[in-house]
Amino acid sequence: MTGVDRARVIERMNEAMMLLTERMDARLIPETGMNIAYALPDARSKDDVAAVPGGIVGHADRVHPAGDIAFGADAYVARIVITAMRFDPAIRSAATIRFSEAVLIEMENLLFEICSFDPEKEPPGVQTMDWGVASCCREGVPDVIYDRGAAGKEPTIRLLGEDPVTVARNLLKLSNRITYAQL
């Protein structure tokens, strides 16, 4: 990949972060933090995927990145994106948000295509994200993949899309819908 490709990925990530920090409801951030990622075309490893080192945190009801966007910054979200790209190379971005039944209901109301997996059924010898995301993408990559957690694993919702600005806009649509929801 060229430096131009990497610069474009960082530019789109910065656009997405600006949208999220200005307008996203911080209640969507899981206790462990959230992240958003964007992969280079033909990404093969976390080093081909840009994200926020240390993730995105909520502070004083505001959304704050913990660091500057960088390649190789988050292996977890990188695995989500790279696995989804195996099924649809156009889907190069993902974000993780807090799990809540109220959020799922609003996602259904927004007509997002939603799929879930049960981490308790994960086969031995595979990583949860590789297996879980793949199990939801066999017939096409959905807009949303979630799980209800398992022992030692926080329940999480993942939004997927072609680029981080699209994912951020979907997060903002959701954020606008949950203004009065009890999360």
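Above this text is the structure in question.
Residues numbered from 1 in each chain as written. Predicted model: local features only at pLDDT ≥ 70, side-chain atom pairs only at ≥ 80, totals over all residues. Heavy atoms only, no water.

Caption draft 1: Spotlight on the packing of aromatic side chains. Here the structure, examined in full by the defined rule, presents 2 aromatic pairs. Seen in terms of ring centroids, phenylalanine 99 and tyrosine 146 are 5.8 Å apart; in terms of plane orientation they differ by 35 degrees. Their pairing is tilted. Of this pair, phenylalanine 99 sits in the loop between strand E6 (93–98) and helix H3 (101–109) while tyrosine 146 sits in strand E8 (residues 144–147), and the two are 47 residues apart along the sequence. Using a relative accessible area of 17% as the deciding quantity, one classes phenylalanine 99 as buried. Ring centres of phenylalanine 117 and tryptophan 131 lie 5.7 Å apart, and the angle between their planes is 85 degrees; on these two criteria the pair is classed as edge-to-face. Of this pair, phenylalanine 117 sits in the loop between strand E7 (114–116) and helix H4 (128–137) while tryptophan 131 sits in helix H4, and the two are 14 residues apart along the sequence. Tryptophan 131 shares its class with phenylalanine 117; the two are buried. (Phe/Tyr/Trp six-rings, centres within 6.5 Å; stacked < 30°, edge-to-face > 60°. Helix = DSSP H or I, 4+ residues; strand = E, 2+ residues; numbered from the N terminus. Buried < 20%, exposed > 50% of the residue type's maximum accessible area, 1.4 Å probe, protein only.)

Caption draft 2: How the structure looks around the sheet that holds strand E2 (residues 49–51). Spatially, the 7 strands line up as an open sheet ordered E5-E2-E1-E6-E9-E8-E7, and their pairing is mixed. The open sheet has two free edges, formed respectively by strand E5 (70–71) and E7, since each of these has just one partner strand. As paired elements, strand E1 (residues 35–39) and E2 share 2 bridges and run antiparallel to each other. From the neighbouring strand, tyrosine 38 faces E2, where its bridge partner is alanine 50. Taken strand by strand, helix H1 (residues 3–23) contacts E1, E2 and E5, and its axis lies near 155 degrees from that of E1. Lying on the sheet, H3 is in contact with E6, E7, E8 and strand E9 (156–161); it crosses E9 at an angle near 25 degrees. (Pairing = 2+ DSSP bridges. Contact = heavy atoms within 4.5 Å. Axes fitted to C-alpha atoms, helices over the stretch in contact; angles between N-to-C directions.)

Caption draft 3: Molecular detail of the packing of helix H2 (residues 75–87) against H4. One way to put it is that H2 packs onto H4 with a least axis distance of 9 Å and a crossing angle of 35 degrees. Handedness of the crossing formed by H2 with H4: right-handed. Only Met129, Asp130, Val133, Ala134 and Cys137 of H4 make contact with H2, whose side of the interface consists of Tyr76, Arg79, Ile80, Thr83, Ala84, Arg86 and Phe87. Considering only residue class, the contact of H2 with H4 consists of 8 nonpolar, 1 polar and 3 charged. (Left-handed = near helix turned anticlockwise from the far one by under 90°. Nonpolar A, V, L, I, M, F, W, Y, C, P; charged D, E, K, R; others polar.)

Caption draft 4: Structural context of the environment of aspartate 130. Here aspartate 130 shows up in helix H4. The spacing of aspartate 130 and isoleucine 82 is 48 residues in sequence and 8.7 Å in space, taken between C-alpha atoms. Non-local contacts of aspartate 130, meaning those with residues more than four positions away in its chain, are made with Arg79 and Thr83.

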